[in-house]
Amino acid sequence: IAAIVDPATMPSDISMPGHVFPLRARPGGVLERSGHTEAAVDLAKLAASGSELADGMTPGFHTYLYHSRLQLGEGVLTRPDGTHQFNGPYQPYLVYVPEVITEGRPLTISMHGANMNHMGSVWIFPAGVYLGTGRPLSEELYILAPYAPDGVNFPPTVLTVWPLARGETLGYVGVAEQDVLDVTDNAIQRLSASSNRVTLMGQSMGGMGAFRLGSLYPDRWAAVMPVVGYAAGADENHPGPIFDLLDNMADLPVRQINGLIDFLVNHVPAEETAQRLHELGLDHRFWLLSNRAHDPGGWLTYRVWDQAQDYVRNPNPAHIVYRVDPSIFNVDPSTGLDLHYDSAYWVSGIAVRDGAPWGQVEATSEALPQRERTLTEVNADFNNLSGGQDVLGPNPAVPPTNDTWHELSWVVTEGDPLPTSNTLSVQLTNVSTVAFDLERAGIPAGEDCTIDVSTDSAVTITLNGLGPNAGVVRQGVLLGAANDQGQATFDLPAGDHELMVTHATFVLSNLTISPDHIKAYSIQDHEITVSVKITNNSIVPGTYEAVLQLNGAQIDSKDTQKLDGGASETVSFTIKVKEAGTYTIAVGELSGTFKIGYHGFMLTSIIGGIEAFALIAGAILFGWRSRKID
């Protein structure tokens, strides 16, 4: 090889034909093709201290790194159960960029199965290879083919990200959970993806993780798609807290797929999970594929993945259900891990009362837009024995797959808009404290509203987003007034309560203007004092801004002190006016006038002449008298 590339080598120096087989590396190296040739060239570049800045937005796969704030040290930690935890501040995740990026830039977060990493998706039993959306375009396709009856050429149609989750089998709990959240935030920023169009997907262990993170963080996702998974706690043989938190996904579309003959993820807890979501009346569709094991279905389900681009998160839904289980909080100050599950949408700071295992908030705002909602039940068997059918219905592109399946779903249809009003309804169970953001609930600061609260225990409630001079009243008694940050906090006993958020009202009286009539001989500034009495005519304390207008133009303003209900304060203004005329003064709805007049030039001249004549006459008279005395 050295002789061939040597410029001094002549053709006569080489025996031909020879036995050298030339290889050509792709220009993008291993980022373009995962081959030995590309790897050799990339390693040679690294050895020569060379580097090239990769374009992370070209179509295909890319590995990204992000910097974690967790302080976990370095290296690989082997846990007592044999699982690995990858520490270190820099963590990888896999990104797939489609040939055409969907308008609106939706993003799918896809969580891998057990014993896998961000480079693979689902573990096939008993073959020991992966299948699914992990790397469908990689060079290992020939390995997958015998175990994939539908083939594997189903690449994602949207921007898709696979987190490492700090290890192969950490169950999307603790540091693994935090990794998914951090990767999601990092990918949204770096891919310019929409935070309102993020779909959470997972396969196998990732499917269970999708139920977990969907229930704990329902306000982060546009939809949840668990594949061959279930909610932990679905039955006594599969313990966990998530089954009891499924109510939290009241505002999330859930698309669930399982195999009836799956030896790794039993169909029983999967069906129990689906049945519970069905009982709750959620936007949930469940397909149990009769002839499938631990795989996502290929031809039957690829349109479900395509629908990920259609879902849009509602950051402020009209109806919220959120249950808190303090036993699963995960806080470790030494590492910076701080996972509290006490907030969703416009509800925050939920604390469970002493002695209760969980607490739940159900809240509805009639101020936010809602539509009539019709649920159509699907509980039937389907098949694709002759082709042209997938789980979503007729599809001419689907060949016969010899599949049958059962669907249990609610198909949601929206109708006409419902009327709106500034009314909140709140049901609290085992809750000791909770906060509501009224602006996010659709009630602008400064507007009155009604809040109906039903609680089974004493509770402290904080309302955020209040305007100035707002207060919370129950049966004519002031419970709390808004502070400078627009918050009001108050206590309620157990029971049913009708609360009013109302605002301080003020009455103005005794407008005085002094003086109200001025006559002057020369043009000069004249001071006018204006005063008005301001009385708080409500039980809500507040501050009134008195605005002084002169001839319709604002010239000054003053705030009263915070006045309790029934209290009064007199506010005074001093103004200077020079020009003659009639002036109108107004403060609030009160008004009055004052006048300024000057003596004219001729009158001044006459007076001046008389004064001069008097002086001359006096002088003459004084002189005559002086001579007479002499």
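Bear in mind the structure is a predicted one, so any value in this text is a computation, not a measurement.

Student: What should I look at first to understand the overall build of the chain in this one?
Tutor: Helices and strands together make up the secondary structure of the chain, namely eight helices and 37 strands. Taking all 630 residues of the chain together, the buried fraction comes to 45%. Taking all contacts inside the chain whose residues are at least 6 apart in sequence as the whole, residues at least 24 apart take part in 72%. For the chain, the computed accessible surface area is about 31,100 Å², with 53% contributed by carbon and sulfur atoms.

Student: Could you clarify how one ought to interpret a negative patch on the surface in this entry?
Tutor: On the surface, Glu-366, Asp-452, Asp-496 and Glu-498 cluster together into a patch of negative charge. Turning to its location among the elements, Glu-498 is positioned in strand E29 (residues 495-503).

Student: I'm lost on a nonpolar patch on the surface in this one. Help?
Tutor: A grouping of Ile-1, Ile-4, Val-5 and Val-20 is seen on the molecular surface, where their side chains present a nonpolar patch of about 430 Å² in accessible area. Mapping Ile-1 onto the fold places it in the segment before helix H1 (2-5). By relative accessible area, Ile-1 is classed as exposed at 67%.

Student: Even after reading the chapter, I still don't get the layout of surface pockets, so can you show me in this structure?
Tutor: Here the idea is plain: a probe the size of a water molecule rolls over the atoms and shows the empty space left. Empty space within the largest pocket amounts to approximately 920 Å³. Lining the largest pocket are 30 residues, and of these Asp-251, Asn-314, Pro-317, Arg-373 and Glu-414 sit closest to its centre. Looking at the lining of the largest pocket, the elements that each hand over two or more residues are strand E18 (371-383) and strand E21 (404-417). It is E21 that contributes the most residues to the lining of the largest pocket, four residues altogether. Its residues assigned to classes, the lining of the largest pocket shows 17 nonpolar, seven polar and six charged.

Student: Mind showing me how you'd approach the sheet that holds strand E22 (residues 423-429) here?
Tutor: In any sheet, the strands associate via hydrogen bonds between backbone groups, in a parallel or an antiparallel arrangement. Spatial strand order, E13-E17-E22-E24-E29-E26-E27: seven strands in an open sheet with mixed pairing. Two strands in the sheet have a free side with no partner beyond their single neighbour: strand E13 (319-324) and strand E27 (477-481). Taken pair by pair, the neighbouring strands of this sheet meet at an average axis angle of 20°, ignoring direction. By the bridge criterion, four bridges tie strand E26 (residues 470-474) to E29 in an arrangement that is antiparallel. Following the sheet pairing, Gly-471 is matched in E29 by Thr-502.

Rules used throughout
- Residues numbered from 1 in each chain as written.
- Predicted model: local features only at pLDDT ≥ 70, side-chain atom pairs only at ≥ 80, totals over all residues.
- Heavy atoms only, no water.
- Helix = DSSP H or I, 4+ residues; strand = E, 2+ residues; numbered from the N terminus.
- Buried < 20%, exposed > 50% of the residue type's maximum accessible area, 1.4 Å probe, protein only.
- Contact = heavy atoms within 4.5 Å.
- Areas by Shrake-Rupley, 256 points an atom, 1.4 Å probe, with all protein chains shown as cover.
- Patch = residues over 30% accessible without salt bridge, like charges linked within 9 Å, V, L, I, M, F, W, Y side chains within 5 Å.
- Salt bridge = Lys/Arg side-chain N within 4 Å of Asp/Glu carboxyl O.
- Lys, Arg positive; Asp, Glu negative; His and termini not counted.
- Charge placed at Lys NZ, Arg CZ, Asp CG, Glu CD.
- 1 Å grid on protein atoms, 1.4 Å probe; cavity = no way out; pocket = protein on both sides within 12 Å on 5 of 7 lines; lining within 4 Å.
- Points joined across faces, edges and corners; volume = space filled by probe spheres on them.
- Nonpolar A, V, L, I, M, F, W, Y, C, P; charged D, E, K, R; others polar.
- Pairing = 2+ DSSP bridges.
- Axes fitted to C-alpha atoms, helices over the stretch in contact; angles between N-to-C directions.

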